[in-house]
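Summary of structural features
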Amino acid sequence: MSTNDTDDEVRTDGSGGGIVAPDDETPTWSERKQRSQGLSRLTYEYFERSRREDQDLRQQSDYVERDVLAFPAWPHEMIRNLALTSFFVGMILFLAATLPPEMPNPANSAVTPAIILPDWYLYWSFGLLKLGPLNPDLSILGGQKLMADRTYGVLANVVVVGFVAIVPFINKGSARRPVEQPFWAAVGMSGVIFSLTIAALSIKNLIPMDSHLLFDLTFLVPIVSATITYAVLKTMREGYMFDLNRRYYRLRPPK
């Protein structure tokens with residue numbers, strides 16, 4: 001039997017019917033049996049075929065490292081997505097069956113709850129409505145506020161949402177990693193931390209902390225986190241760009 005005949009028997013890319021074993025191990029009989037049925041076999045053959053094709057591309061490349069190439073959506077991407085989707089759907093069904101949600105007593109429309117809160121993903125917006133202490137008292141108005149605290153909180157929501165919406169139009173850079181633009185990465189980090197701290201402020205009645213201290217930390221922690229993020233990424237940027245350029249010239253050596 002020739003070498004080509006042996007390769008045809010173990011490939012699973014359509015030229016043979018066998019299952020390719022990984023480089024560092026040989027599947028046992030029970031493993032082969034598990035891989036010969038249903039989605040498990042399909043998934044295994046997909047990864048083996050991808051590994052084989054990736055190895056062939058590396059050998060055929062003219063550069064030190066292979067060119068960036070893609071695989072077709074079918075069957076490569078579809079099989080991978082099907083395997084991942086099946087796993088997560090199975091986990092959701094398992095949790096729903098083993099840990100069913102507790103059904104509390106129905107709400108009493110005649111009694112007002114002691115604490116009224118929105119859904120958790122709206123805590124940040126609810127916290128912006130509690131920025132009354134930042135609403136300035138103008139002496140020209142006799143010590144009165146220019147607008148009501150509720151209006152001030154609504155205006156704060158408009159400003160925050162507007163800033164988030166306009167950032168993509170301000171930063172039009174082509175960077176894909178935070179280390180390439182430390183400033184904007186620090187801005188994004190401060191925004192994430194601020195959303196958490198302002199959400200904590202919205203439920204200050206449930207947090208065992210002085211309300212004044214919590215109010216100060218709501219604005220102090222995002223600034224500190226942004227400063228640390230900028231300093232760390234700025235320190236990493238020089239080494240990162242050096243490695244990136246070295247990798248580029250390995251892939252594309254100058255003529």
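Residues numbered from 1 in each chain as written. Predicted model: local features only at pLDDT ≥ 70, side-chain atom pairs only at ≥ 80, totals over all residues. Heavy atoms only, no water.

Thoughts on the side chain of Ser-225
Quick reminder of the rule: Each helix is a run of H or I in the DSSP string that is no shorter than four residues. Each strand is a run of E no shorter than two, and both are numbered from the N terminus. Residues count as neighbours in contact if any of their non-hydrogen atoms are within 4.5 Å of one another.
The residue Ser-225 is located in helix H8 (residues 211-251) in this model. Ignoring any residue separated from it by four or fewer positions in sequence, one finds Ser-225 in contact with Met-189, Ser-190 and Ile-193.

Here's the deal with the pattern of salt bridges
Our working definition: What counts as a salt bridge is simple: a side-chain nitrogen of Lys or Arg found within 4 Å of a carboxyl oxygen of Asp or Glu. With a 1.4 Å probe rolled over the protein chains alone, any residue whose accessible area is under 20% of its type maximum counts as buried; one over 50% counts as exposed, and the rest are partly exposed.
Per the counting criterion, the structure on display carries 1 salt bridge. Put simply, Arg-80 and Glu-77 hold a salt bridge, and the shortest N to O gap is 2.4 Å. With Arg-80 and Glu-77 both in helix H4 (residues 73-98) and 3 residues apart, this pair spans about one turn of that helix. Residue Arg-80 is classed as partly exposed on the basis of its relative accessible area, which comes to 34%. Residue Glu-77 is classed as partly exposed on the basis of its relative accessible area of 23%.

Quick word on the layout of surface pockets
Filter applied, for reference: As defined here, a cavity is a set of points on a 1 Å grid over the protein atoms alone where a 1.4 Å probe fits but cannot get out. A pocket is an open set with protein on both sides within 12 Å along at least five of seven lines, and residues line them when an atom is within 4 Å of a point. Grid points are joined across faces, edges and corners, and a volume is the space filled by probe spheres set on the points.
One number sums up the size of the largest pocket: a volume of about 470 Å³. Around the largest pocket, the lining comprises 19 residues; the ones closest to its centre are Phe-163, Val-187, Ser-190, Gly-191 and Phe-194. Per-element accounting of the lining of the largest pocket gives the leading share, 9 residues, to helix H7 (residues 182-202).

Observations regarding the packing of aromatic side chains
Here is the rule: Centres within 6.5 Å make a pair out of two Phe, Tyr or Trp rings, where for Trp the six-membered ring is used; the pair is then stacked when the planes are under 30 degrees apart, edge-to-face when over 60, and tilted otherwise.
The tally for this structure, following the rule as stated, stands at 5 aromatic pairs. With a centroid separation of 5.3 Å and an interplanar angle of 80°, the aromatic rings of Phe-183 and Trp-184 are classed as edge-to-face. Three or more aromatic residues joined by ring pairs make a cluster, and in this case those are Phe-194, Phe-215 and Phe-219.

Considering helix H6 (residues 149-170)
Operational definition: Each helix should span, by expectation, one fewer than its residue count multiplied by 1.5 Å. The angle between axes fitted to the seven-residue stretch ending at a residue and the seven-residue stretch beginning at it gives the bend at that residue.
In this model H6 runs 30 Å from its N-terminal to its C-terminal C-alpha over 22 residues, within 8% of the 32 Å that 1.5 Å per residue would give. The sharpest bend along H6 comes to roughly 25°, located at Val-164, with the proline Pro-168 sitting one to four residues further on. Listing the buried residues of H6 in full gives Gly-153, Ala-156 and Asn-157. Where the residues of H6 are buried, they touch helix H5 (123-128).

Considering the nonpolar core
Spelled out, the test is: Side-chain atoms within 4.5 Å are what join buried Ala, Val, Leu, Ile, Met, Phe, Trp, Tyr and Cys residues into a set we call a nonpolar core.
Judged by nonpolar contacts, Leu-128, Leu-131, Ala-156, Ile-198, Leu-201, Leu-214 and Phe-215 together constitute the single largest core of 7 residues. Ignoring any residue separated from it by four or fewer positions in sequence, one finds Ala-156 in contact with Leu-128 and Leu-131.

Looking at the environment of Glu-238
Among the secondary structure elements, Glu-238 is positioned in helix H8. Distance from Glu-238 to Val-179, taken between C-alpha atoms, is 9.2 Å for residues 59 residues apart in sequence.

Observations concerning a nonpolar patch on the surface
This is how it is decided: A patch consists of residues exposed above 30% relative accessible area that lack any salt bridge, with like charges linked at up to 9 Å and nonpolar side chains (Val, Leu, Ile, Met, Phe, Trp, Tyr) linked at up to 5 Å. The method behind every accessible area is Shrake-Rupley, applied with a 1.4 Å probe, and residues are considered shielded solely by the protein chains displayed.
On the surface, a cluster of nonpolar side chains totalling about 420 Å² of accessible area is made up of Leu-129, Val-154, Leu-155, Val-158 and Val-159. Note on placement: Val-158 falls in helix H6.

Let's talk about the UniProt feature "transmembrane region" (unreviewed entry) in the protein
Note the cut-off: UniProt positions are given in the numbering used here, feature names are shortened, and annotations may be inferred rather than shown by experiment.
Mapped onto this numbering, the UniProt entry annotates "transmembrane region" (unreviewed entry) at residues 82-99, 152-170, 182-201 and 213-233. The distance from the first to the last C-alpha atom of residues 152-170 is 26 Å, and the span holds 100% helix and 0% strand.

Quick notes on the confidence of the model for the protein
Inclusion rule: Confidence scores here are pLDDT values: one per residue, from the predictor, ranging 0 to 100.
Here the protein averages 76 in pLDDT, and 69% of its residues register 70 or above. When mean pLDDT is compared element by element in the protein, H7 scores highest at 92, while helix H1 (residues 3-10) scores lowest at 46. In this model, residues 1-23 is a region of pLDDT below 50 whose contacts with residues beyond four sequence positions or in other chains number 43 contacts. Residue range residues 251-255 is modelled with pLDDT below 50. Its contacts to residues more than four positions away, or to other chains, number 7 contacts.

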